Amino acid sequence: MKNKVVIVTGGSSGMGKGMAKKFAQEGAKVVITGRSMERLQAAQEEIEQVEGQVLCVEMDVRDPDKVQYTIEETKKRFGEIDFLVNNAAGNFMCAAEDLSINGWNSVVDIVLNGTWYCSQAVGKEWIKTGKKGRILNIVTTYSWTGGAGVIHSASAKAGVLAMTRTLAVEWGSKYGICVNAIAPGPIEDTGGSAKLLQSEEARKQVLKGVPLGRPGRPEEIAGLAKFLFSAEADYINGDCITMDGGAWLNRSPF
Ligand code: HXC
């Protein structure tokens, strides 16, 4: 990834930070975005201690103007954009019947609309300049199984998976732009694990369903993301790679 420019939304913590750190170690110029400049700067410090150049841009993926601003700031600092990771997400556990309209809208707005705003804005930039960039969307295995207790997130992530496959064909055939996804299972030290595995009992229950018996690590997701941006992955387009220790297949009653 030497000198490649990559934008990671939700890059100040969890998987986003893990990916940003890995990309920086590989020589990339990394742009991390998020809602809190303080958290972004803390992540920047942590990443730059190891290696690389990091630009922090305060932006909420729900705001298309801020998304455009991020693109302009990236071009100003690094000249161009090679890769985009749509990692920013919002989620909370809530019974479907109790979910308010605002609760539904806020998660769908972050996950589905935010991914779209970023993808379209960066895609238009690539189409204008003729760059064959790559987009990586972070989904989850409940994009296709459904997710009891997180209907807003499951519905939005399913939309992001459909978006991945649609753009892979539409932009792949016209512009050579590749779009893929990663579907992580439970990953430690992330906003998702903090939200969804709140009690020790919930954690045990979830890990019981993971054949490998442990949560994944942000670095493992980062390694896969790095691969998907490498020359070895040039021919992968429109796929979703699961990294969940085998959890979603583990439906056997035996
Ligand atoms: C019920 C809730 C709620 C909860 C918020 N709401 N939390 N309802 N239970 N626990 C409702 C609020 O009451 C409000 O509705 C509406 O949602 C919006 O809430 P706000 O706090 O005003 O919204 P906002 O500040 O925009 O925050 C968005 C958020 C928040 C999604 C609610 O949690 C957030 O910013 N999250 C970002 C980080 C995050 O969630 N990371 C985890 C991603 S994990 P009313 O009607 O009262 O106005 C992930 C994992 C997937 O995606 C895979 C795992 C295996």
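What you see is a predicted model, and the numbers here were worked out from it, not measured in a lab.

Asks: How should I be thinking about the site of the ligand in this particular structure?
Replies: Within the structure, the ligand sits among 20 residues, and R35, R62, S100, N102 and K195 are positioned closest to it. N91 is positioned with one of its backbone polar atoms (N or O) 2.9 Å from an oxygen atom of the ligand. Within the complex, 59% of the 1,100 Å² of free accessible area of the ligand lies under protein. Sorting elements by how many residues they give to the shell around the ligand places helix α4 (residues 101–129) first, with five residues. Taken together, the residues of the shell around the ligand break down into seven nonpolar, nine polar and four charged.

Asks: Please explain the pattern of salt bridges as it appears in this structure.
Replies: Oppositely charged side chains are able to pair whenever their charged atoms sit close together. Per the stated rule, a full pass over the model turns up 14 salt bridges. K21 serves as the salt-bridge partner of E46, at 2.7 Å between the closest nitrogen and oxygen. Note that E46 is positioned in helix α2 (residues 37–50) and K21 in helix α1 (residues 14–25), a separation of 25 residues in sequence. In this structure, K131 engages E80 in a salt bridge whose closest nitrogen and oxygen atoms are separated by 3.6 Å. Here the residue K131 occupies a position in the loop between α4 and β5 (134–138), and E80 occupies one in the loop between α3 (64–78) and β4 (83–86), the gap between them amounting to 51 residues.

The rules behind the values
- Residues numbered from 1 in each chain as written.
- Predicted model: local features only at pLDDT ≥ 70, side-chain atom pairs only at ≥ 80, totals over all residues.
- Heavy atoms only, no water.
- Near = heavy atom within 4 Å.
- Polar contact = N/O pair within 3.5 Å; in protein donor to acceptor, adjacent residues only side chain to side chain.
- Areas by Shrake-Rupley, 256 points an atom, 1.4 Å probe, with all protein chains shown as cover.
- Helix = DSSP H or I, 4+ residues; strand = E, 2+ residues; numbered from the N terminus.
- Nonpolar A, V, L, I, M, F, W, Y, C, P; charged D, E, K, R; others polar.
- Salt bridge = Lys/Arg side-chain N within 4 Å of Asp/Glu carboxyl O.

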